[in-house]
Each structure stands twice: as structure tokens, then as C-alpha cells.
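Residues per chain, in single letters:
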Amino acid sequence: MLWLWNFLRSSIGKKLLMALTGLFFCSFLLVHLGGNMLMFVSADAFNAYTSIMSGAQVNKVLEVLMVVLFLIHIYTSATLTIENRAARPVKYAMDVSAGKRTFMSSNMFITGSIILIFVVFHLWGFKYGEWSNDPAAMSDPNNLTMFGLVAKSFSNVFYALGYTVAVIVLGFHLNHAFQSAFQTLGLNHNKYTPLIQKLGTLYSIVIALGFALGPVYFYFSQLNAGA
Amino acid sequence: MKLTLKIWRQKNAQAKGKLVTYQLDDISPDMSFLEMLDVLNQKLIIEGDDPVAFDNDCREGICGMCSLYIGGRAHGHETETTVCQLHMRSFDDGQTVTIEPWRAKALPVIKDLVVDRGAFDRIIQAGGFVSTKTGAPQDANALPIPKQDADKAMDAAACIGCGACVASCKNASAMLFVSAKISQLALLPQGQPERDKRALAMVHQMDMEGFGNCTNEGECEAECPKAIKMTNIARLFREYYRATFTYEEQ
Ligand code: SF4
Ligand code: FES
């Protein structure tokens, strides 16, 4: 199995790890977004969904898998970024971009780091936050259901604003990531690459706007309720 | 034409270099960029100074030796142009022009604007060739090759090994160069016997030389004087995956 280890330590092997783990999270985000949309159906629907998600055994396995994949994505990106910086020890006095480099595409490590901080904060605030959908707890007037916790958190302007900014950063990260993942898989062809690029942009817009909907909606609805 | 030049001067590989400013007054717009540097060097020699070292050979855009980072861009601001084919008429009278060597750990500066591109040679030595017995040429058309494949191979073979891709990449990645050298052989029947071995060996050598990793930003493609496309990099990945999972060392 030395060949496999050598492959995974090669430049291209590391890029493949980034692409595969990244694409996994791309599909996860779609599922997550679908779940979020239940917020706008009804509080009960959303609570029922979150109960299932936090209760099912199979999700425990998925959670472990996701943590492992997340760590691989982070570790590999750190290695690649360190190598890339080391590959140009002396900078140019004058450097002009002629390609499709953008501020966001050049700073994937920074947007990625912001997303990492956000994810920790997000899990701590919601997944491991103080809430219970247990019917027994419902009689307690101080108990928050998942829906209640979400509504309460986003009524805070800083909370809502922070989330909105974070998911927009996520959108920019995905915009470069999505099409790059296909290039890394070796899938680049005049026939379908233009389509992949358009899909990638559409996908990142849907994700950013979709996730921003929650904080924006709850913030403004409590403003209305208060007024 | 009048010009102000800011040129990177560095005595040798170990020395610390710096940008030095020079004035030129009598430049003809018909000169090539290298001829303009020749004029500067004549002036420096007459004044008893050390002339500026820069690489050049064919001066007709086919050897890839002339490697200068001009005004923040590899081979200057014109597309699909080597420095020897860049003419002073595309600059403004009185313009200030910064001239730097390629910047990459794997392509270290030897003197002034000259870098050591030995890393490219070692990548080619690792497998960028076909082993054949020489002898009488075989009949034409003995090996049928689809026109599309021949065209793609020829487009990849246009790479002159100049290093502009490495120079302009923010990660100093050599993947465009390596992908061109892999593609020109992988697409043709003559390249098949050593196809997998070649992909493994060339990528390994590329990694050993300390080039960075592609982040798919396309600076290389935009600056390549021979318009090598990034579709070749995707092919490089496919070749490397194929070799990794199918090739068995004896
Ligand atoms: S791929 Fe283009 S830029 Fe890179 S070495 Fe070949 S000709 Fe030069
Ligand atoms: S000197 Fe040969 S390509 Fe410019």
C-alpha cells in the first residue's frame, strides 16, 4: 500500500483529497439547506425534523465521518497553502493579474478559516445549544425548542448579521471551489465545463442566499412583532 | 523614445539583489525589448559598468530562453508573445518599466535576470520522452492518428519550456508545463508504452523540485506565450490517476 500513501502525499493526490472532501460538503450543504427550509413551513415541522436528525443512530456515524472529512480538508489545505507560499520565497516588486484570479480565489485559505470559526460557533450555538424538543420539556415555559432557539438567537442583530456575513463568505468560497473540484477530478471539457462553471455559480448563490434567509427572516419578524 | 527602467540587479545566486533605475533616451519604437536591453548594455559597458545579464537565444519566439517579468507580467503585457517578440512600440514614450527575473524557489536566480531552469530539465529527464530504436523511417500513415488527437498533441507540443506559467502562477506551480509535456505524448500512439511510468515519474520529479500546487486560477494559461490550455492540466490529473491505479512496477 505504499503506492497509495505516495499518491496521497503527492501534489495531485492532495488536490484530489481537497476536491472529494469538498464535494462531499457541497452535497451536505444542500441537505442542510433543505432542512432549514422547514423553518418556513412551520415550527412543528422544523422541530420534528431536528429531532429526527439529532436522534437517529445513523446520523452519529455520519457525524463522525463528517468530522474526519472536515479534518482532512483542513489539514490538506494547510499543507498545500504552506507549500504554495514556500514555492515563491521572493515576491515580485510589481505583479499584475492577467488570468481569472480574483481576491476570493486567491484567498481560499482565509475564507476557509472564517468558515471554520463559523462552523465551530454554529455547532456550539445550535447543535450543542440549550434546547429540547422533548414533549416532556414542553410544559416548562422556559424551555426552547430548536425553532425557538433559532428564532431567539436571530432576534439579536449581531447574531443575525454575523451569520449573514459568514454564509456570504461561504458562497464566495464555494464559487471558486465547485468548478475547481471538477478540474481536479480531471473533468474539463469544452462540452460540459461551461455548464459546470454556471452550475457552480448558481449553486453558491443558492447556498449563500438560502442560508441567509433564516437570520434575515427571524430578525425582521421579531422587529415586526415588537413594533 | 525615452524610458525609465527599474531592473533587478543581483551579482550571483547568493548575493542580495535590488532594483536599480536606468534612463534611456534614444530608443527606436521598432526595436524589440531585447534589442532595447542590448542598447542599455552597450551604454553600461562604455560607462565601465557591469552589463545586465538576461537569457536569450533564438529571438524569434521559439526557444523559450527570454524570460523576463516586465511591468508585473511574464513576457510583458502582450498576449501570446515572448519577450523577444515584444516591441517597444507597444510602450509609451517616457514610461517606467520594471524588469524582474522569474520568482520561484524551483527556478533560482543565478545573476540579474537569469534563472536556473534546471528543474524543468530534470522533469523531462524523469520521463518526458519516448524510448525508440532509431533506424529507417517507417511508412507514412502506418500509424493512424485521429486528426483531433494530432491537433491536441501538436498544441501541447508548442510549449517552449519558458517557465512563464510558473512565473505568473501565485503558487509558482509547474503544472501547465508538465501537463503540456505529458499531453503531447499521451495523445499519440508513440507515447503509449511509457505512458503510466512517465506520468508517475514526471509528477514525482515536479513535486521534488519544490513547485507549488495549482489552485485553478488560470494565470498560467493567460500568460503562456504558446497558448497552452488548462484542459491539459485536467489531462495531467487523469493520466496521474490512471497510472496510480493501474501501473505495476515490475
Ligand atoms: S506551458 Fe507555456 S508558459 Fe509554461 S513553459 Fe510551456 S510555453 Fe512556457
Ligand atoms: S529568445 Fe527564443 S523565444 Fe525569445
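Conventions we followed
- For every chain, the first residue of the written sequence is number 1, and numbering continues from 1 along that sequence.
- As they are written, the chains are lettered A onward and the ligands numbered 1 onward, keeping that order.
- Totals for whole chains, interfaces and linings use every residue, but because this is a predicted model, local features are given only for residues with pLDDT of at least 70 and side-chain atom pairs only at 80 or more, for both listing and counting.
- Here the side-chain values reflect all heavy atoms present in the structure, with hydrogen atoms and water set aside.
- Space inside and on the surface of the protein is sampled on a 1 Å grid over the protein atoms alone, with a cavity defined as a set of points where a 1.4 Å probe fits but cannot get out and a pocket as an open set with protein on both sides within 12 Å along at least 5 of 7 lines; lining residues have an atom within 4 Å of a point.
- Grid points are joined across faces, edges and corners, and a volume is the space filled by probe spheres set on the points.
- Numbered from the N terminus, helices here are DSSP runs of H or I no shorter than four residues, and strands are runs of E no shorter than two.
- Charged means Asp, Glu, Lys or Arg here, nonpolar means Ala, Val, Leu, Ile, Met, Phe, Trp, Tyr, Cys or Pro, and polar covers whatever is left, Gly included.
- How far each domain reaches was decided by an automatic or database domain assignment.
- Residue contacts follow a heavy-atom distance rule, with two residues in contact if any of their heavy atoms lie within 4.5 Å.
- By convention, the term buried area covers the 1.4 Å-probe accessible surface removed from two parts as they join, with the contributions of both added.
- A carboxyl oxygen of Asp or Glu within 4 Å of a side-chain nitrogen of Lys or Arg is what we treat as a salt bridge.
- For this analysis, a polar contact is any N or O atom pair within 3.5 Å, provided that within protein one partner can donate a hydrogen and the other can accept it, and provided that sequence-adjacent residues contribute only side-chain to side-chain pairs.
- For the purposes of this section, nonpolar cores are sets of buried Ala, Val, Leu, Ile, Met, Phe, Trp, Tyr and Cys residues that join through side-chain atoms within 4.5 Å.
- Using a 1.4 Å probe on the protein chains alone, a residue whose accessible area is under 20% of its type maximum counts as buried, one over 50% counts as exposed, and one in between counts as partly exposed.
- Here a residue is considered near a molecule or strand provided that any single heavy atom belonging to it is located within 4 Å of it.
- For this analysis, a molecule is said to be in a pocket or cavity if more than half of its atoms are within 2 Å of the grid points defining it.

## Some words on empty space enclosed by the protein
Residues and elements named next belong to chain B. Inspection of the entire model under this criterion finds two cavities of 30 Å³ or more. Lining the largest cavity are 16 residues; nearest its centre among them are Cys169, Cys214, Glu217, Gly218 and Cys220. Within the residue set of the lining of the largest cavity, elements represented by two or more residues are helix H5 (175–186) and helix H7 (219–223). Its residues assigned to classes, the lining of the largest cavity comprises eight nonpolar, five polar and three charged. Volume-wise, the second largest cavity comes out at about 100 Å³. Along the wall of the second largest cavity there are 15 residues; nearest its centre are Cys159, Cys162, Cys165, Cys224 and Ile228. Put simply, the parts of the chain that give the lining of the second largest cavity at least two residues each are helix H4 (164–168) and H5. Taken together, the residues of the lining of the second largest cavity sort by class into twelve nonpolar, two polar and one charged.

## Remarks on the domain arrangement of chain B
Residue and element names in this part refer to chain B. Segmentation of chain B into domains returns domain 1 (3–109) and domain 2 (117–132 + 144–246). Here the C-alpha centroids of domain 1 and domain 2 sit 28 Å apart. Taken together, the contact between domain 1 and domain 2 spans 22 residues of the former and 20 residues of the latter. Taken together, both faces of the contact between domain 1 and domain 2 bury some 1500 Å²; the carbon and sulfur share is 57%. Together, Glu80, Ala106 and Leu107 form the three largest contributors to the area buried by domain 1 at its contact with domain 2, with a combined 31%. The shortest N-O distance in the salt bridge between Asp55 and Arg117 comes to 3.2 Å. For the pair domain 1 and domain 2, the interface holds six residue pairs in polar contact (both at pLDDT 80 or more). Here the residues of the side of domain 1 that touches domain 2 are counted per class, giving nine nonpolar, eight polar and five charged.

## Some remarks on the nonpolar core
Val166, Val178 and Phe211 of chain B are the most contacted members of the largest nonpolar core, which has 47 residues in total. At the level of elements, helix H2 (11–37) of chain A together with helix H2 (118–127), H4, H5, helix H6 (195–208) and helix H8 (231–246) of chain B are the ones that each hand at least two residues to this core. Counting contributing residues, this core receives three or more from each of domain 1 (3–109) and domain 2 (117–132 + 144–246) of chain B. In this view, Phe211 of chain B contacts Ala87 of chain A together with Ala106, Leu107, Ala119, Phe120, Ile123, Val166, Asn171, Ala172, Ser173, Ala174 and Met206 of chain B; residues no more than four positions away in its chain are not counted. Among the nonpolar cores identified, the runner-up in size contains 31 residues, and Leu33, Phe147, Tyr163 and Ile207 of chain A belong to it.

## Section: the site of ligand 1
Residues and elements named next belong to chain B. Around ligand 1, the structure places Cys159, Ile160, Gly161, Cys162, Gly163, Ala164, Cys165, Leu176, Phe177, Cys224, Pro225 and Ile228. With respect to the detected pockets, ligand 1 is housed in the second largest cavity. Counting only elements with at least two residues in the shell around ligand 1, the list comes to H4 and H5. Classifying every residue of the shell around ligand 1 by side-chain character gives ten nonpolar, two polar and no charged.

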